[in-house]
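Each chain, letter by letter, is given below.
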Amino acid sequence: MKLVTAIIKPFKLDEVKDALKSAGVAGMTVGEVRGFGRQGGHTETYRGAEYKIDFVPKVQLEIVVDDGQVDLVVDTIVRAAATGKIGDGKIWITDVDRIVRIRTSEEGTDAV
Amino acid sequence: MDAGNNAWVLTSAALILFMTPGLAFFYAGMVRSKNVLGMLMQNIFAMGLISVLWAFIGFSLAFGGDGNFVGNLDYAFMNDVATTIDFPGFELAVPGMTFFAFQMMFAIITPALITGATADRLKFSGYALFIALWSLIVYSPVAHWVWDTGGWIFDSGALDFAGGAAIHINAGVAALAVVMVVGPRRGHGSEPMPPHNLPLTVLGTGILWFGWFGFNAGSALLADGIASQALVNTHLAAASAMLGWLVVEKIKTGHATTLGACSGAVAGLVAITPCAGFVGGLSPIWIGLIAGVVCYLALGLKTALKLDDSLDVIAVHLVGGLIGTILLGFFADDTVNALGDGLFYGGGGELLKDQVLAALGVMVFSGVVTYILATIVQKTIGLRVDEDGELTGLDQSQHAESAYQP
């Protein structure tokens, strides 16, 4: 099993969610996060004084999937989240050692 | 006693009271999220503390007797307040109790104006002691100078319709003096401290603008044509000052901002305050426009003075108050109000000279005495919060609360 973590633009969340559901993904966890990458921050002006805002708001998705589904999920996110402009985000994949469904204590693929 | 007059001035008192929570929101939107309740509380608390002090001795120190510099204790502890009708030295068109209530609302908001300059760093107990002393030792005497017929400013012929000198110059200079005593916020200049919630500031601006109709038009102290003129002047000055501020801001920074619209409107309201019942025609538009432009340009003063006037009380209230007080020497029109005739209306330079002297008198007295009072509080119980309390934020360190639960 793998954990797919994606950082995307906040306004892309609904599109990505719908695309993933259509692709058969059964669940995901979403969080509002802030950060910076190559996009950097932006400048805001209050009463003539400029403030550099380094951290940009993003949405982070976490999805646990079977090994065989990873490519489909990644492709789906890339297609739905891309705008072609800087700041579209990143996806990374990590191994998952163990997974348990709390209600039933099922483990492994059954718990995904 | 005319019921209409009384109804209007009582209504005005309620409108002015509402300005203090309005000011609280105006300021609270501009501070960081850990200091929101600290700012709201400093303002709301003035409604509690200053009202009681006003009933005890504040009102009497402002309107008792006919001395040049300060009132007396004739009306202390509400003595004879219900039966007197000539507090300022002339017979009022409303009951004395109405005048007491109306003036109380001015006394509440004036020390609250200072809190914008010292945002994020006052210890609550020190703040409470400071505004108690300031209200009795600075505000009551200055109100006496300006609005009691015995007061030296009133006597000189200088005019201040609703408190350009007594309230805005007074609080603006006091803000400067307190900032000199307590120093800058930790991290000022090195870490960004942008406003945490400007919608609160917009809400506060709306409440202030609304309440200002009572502040200025109520200062006619009766429901006559001068009250109507003052209301229209108040509105037009706020409107044109908003435009003036935004135009300069757009030219200088490339954007017309929401905070700029709010700041400009308040600057116009401040500037028209001394002029409200003395000018007419398009004068309020010119006065507002000048205030919007000059107050924006005055934002740089705090940097030049190396002071952390956190929410620009100097640029908006001190400079705005000075603009209104001095421009009245040009724009006062005796066909609007027989009491004053300015340079542009054939009155010569006499009024202008009186206005400048009144402004200087308030600046010197308020600046020096406020500096001394703030220093005394700082050296005794402490006016500035300790380092931990400031880094944690006033909400938790001073009040054991949070504005926003995670």
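A count of helices and strands for chain A gives 2 helices and 6 strands. Ordered by position from the N terminus, the helices and strands of chain A form the series β-α-β-β-β-β-α-β. Taken over the C-alpha trace, chain A has a radius of gyration of 17 Å; the compact-globule value for 112 residues is 13 Å, which it surpasses by more than 25%. Counting only C-alpha atoms, chain A reaches 60 × 25 × 20 Å along its principal axes. Within chain A, the fraction of its 112 residues that count as buried is 30%. Surface exposure of chain A reaches about 7,100 Å², of which carbon and sulfur atoms provide 50%.

Along an α-helix, a turn takes 3.6 residues, which lines up residues three or four apart on a common side. Here helix H10 (residues 283-297) of chain B is 15 residues long and its end C-alpha atoms lie 21 Å apart, about the 21 Å a rise of 1.5 Å per residue gives. Taken together, the buried residues of H10(B) touch helix H8 (225-253), helix H9 (258-272) and helix H12 (313-331) of chain B.

This next bit is on the nonpolar core. Of all hydrophobic cores here, the largest spans 132 residues; its most connected members are B:Tyr27, B:Trp54, B:Phe59, B:Phe130, B:Tyr139, B:Trp147 and B:Phe215. Residues contacting B:Trp147, with those up to four places away along its chain left out, are B:Phe63, B:Pro88, B:Gln103, B:Phe106, B:Tyr139, B:Phe154, B:Asp160, B:Phe161, B:Ala162, B:Gly163, B:Ala166 and B:Ile167. Core analysis: the next-biggest nonpolar cluster, separate from the first, contains 16 residues, A:Ala6, A:Val25, A:Leu61 and A:Val74 among them.

This part covers the pattern of salt bridges. If you walk through the whole model with that rule in mind, you get 17 salt bridges over all chains. Between A:Asp18 and A:Lys17 there is a salt bridge, with its nearest N and O atoms 3.6 Å apart. In this structure A:Lys17 comes out as partly exposed when scored by relative accessible area, which is 30%. Here A:Lys52 and A:Asp54 are joined by a salt bridge, their closest N and O atoms 3.7 Å apart. We classify A:Asp54 as partly exposed; its relative accessible area is 41%. One salt-bridge network, held together by shared partners, links B:Arg32, B:Asp120, B:Arg185 and B:Asp308.

Residues and elements named next belong to chain B. Viewed as axis vectors pointing N to C, helix H3 (residues 96-114) and helix H4 (residues 124-147) meet at an angle of 125°, and their least axial separation amounts to 10 Å. Taken together, the axis directions place H3 and H4 in an arrangement best described as oblique. Viewed along their axes, H3 and H4 form a crossing whose handedness is right-handed. On H4, the residues touching Gln 103, Phe 106, Ala 107, Thr 110, Pro 111 and Ile 114 of H3 are Phe 130, Ile 131, Trp 134, Tyr 139 and Trp 147.

Residue and element names in this part refer to chain B. The residue Phe 45 is located in helix H2 (residues 36-63) in this model. Classification of Phe 45 as partly exposed rests on a relative accessible area of 22%. Expressed as a C-alpha distance, the spacing of Phe 45 and Tyr 296, which sit 251 residues apart in the sequence, is 30 Å. Not counting chain neighbours up to four residues away, the residues in contact with Phe 45 comprise Phe 124, Tyr 127, Ala 128 and Ile 131.

A word on the packing of aromatic side chains. Where two aromatic rings form a pair, the distance of their centres and the angle of their planes describe that pair. All names here are of chain B. Taken as a whole and judged by the stated rule, the model has 27 aromatic pairs over all chains. Their ring planes at 85° and their centres at 5.3 Å tell us that Phe 161 and Phe 278 sit as a pair that is edge-to-face. With Phe 161 in the loop between helix H5 (152-156) and helix H6 (164-182) and Phe 278 in the loop between H9 and H10, this residue pair connects regions lying 117 residues apart in the sequence. A ring pair is formed by Trp 212 and Phe 215, whose centres lie 5.5 Å apart and whose planes are at 55°; its orientation type is tilted. In this pair, Trp 212 and Phe 215 both sit in helix H7 (residues 198-217), 3 residues apart, roughly one turn of the helix. The pair Trp 212 / Phe 215 is uniform in exposure class, with both members buried. Members of the aromatic cluster, joined through ring pairs, are Trp 54, Phe 59, Phe 63, Tyr 75, Phe 87, Phe 99, Phe 100 and Tyr 139.

Right, let's talk about the interface of chain A and chain B for a bit. Taken together, the contact pairs 7 residues of chain A with 17 residues of chain B. Buried surface at the junction of chain A and chain B, summed over both partners, amounts to about 920 Å²; 65% is from carbon and sulfur atoms. Area buried by chain A at its contact with chain B is led by A:Tyr46, A:Arg47 and A:Tyr51, which between them contribute 74% of it. One can count 1 salt bridge joining chain A with chain B. Between B:Asp312 and A:Arg47 there is a salt bridge whose closest N-O contact spans 3.2 Å. Applying the counting criterion to the chain A and chain B interface returns 3 residue pairs in polar contact (both at pLDDT 80 or more). Within the residue set of the side of chain A that touches chain B, elements represented by two or more residues are strand S3 (42-46) and strand S4 (49-53) of chain A. Looking at which element gives the most residues to the side of chain A that touches chain B, the answer is S4(A), with 3 residues. Counted by class, the side of chain A that touches chain B contains 3 nonpolar, 2 polar and 2 charged residues.

Rules of the game
- Residues numbered from 1 in each chain as written.
- Chains lettered and ligands numbered in written order.
- Predicted model: local features only at pLDDT ≥ 70, side-chain atom pairs only at ≥ 80, totals over all residues.
- Heavy atoms only, no water.
- Helix = DSSP H or I, 4+ residues; strand = E, 2+ residues; numbered from the N terminus.
- Rg over C-alpha atoms; globule rule 2.2 N^0.38 Å.
- Buried < 20%, exposed > 50% of the residue type's maximum accessible area, 1.4 Å probe, protein only.
- Areas by Shrake-Rupley, 256 points an atom, 1.4 Å probe, with all protein chains shown as cover.
- Expected span 1.5 Å × (residues − 1).
- Contact = heavy atoms within 4.5 Å.
- Core = buried A, V, L, I, M, F, W, Y, C linked by side-chain atoms within 4.5 Å.
- Salt bridge = Lys/Arg side-chain N within 4 Å of Asp/Glu carboxyl O.
- Axes fitted to C-alpha atoms, helices over the stretch in contact; angles between N-to-C directions.
- Parallel < 35°, antiparallel > 145°, perpendicular 65-115°, else oblique.
- Left-handed = near helix turned anticlockwise from the far one by under 90°.
- Phe/Tyr/Trp six-rings, centres within 6.5 Å; stacked < 30°, edge-to-face > 60°.
- Buried area = accessible area lost by both parts, 1.4 Å probe.
- Polar contact = N/O pair within 3.5 Å; in protein donor to acceptor, adjacent residues only side chain to side chain.
- Nonpolar A, V, L, I, M, F, W, Y, C, P; charged D, E, K, R; others polar.

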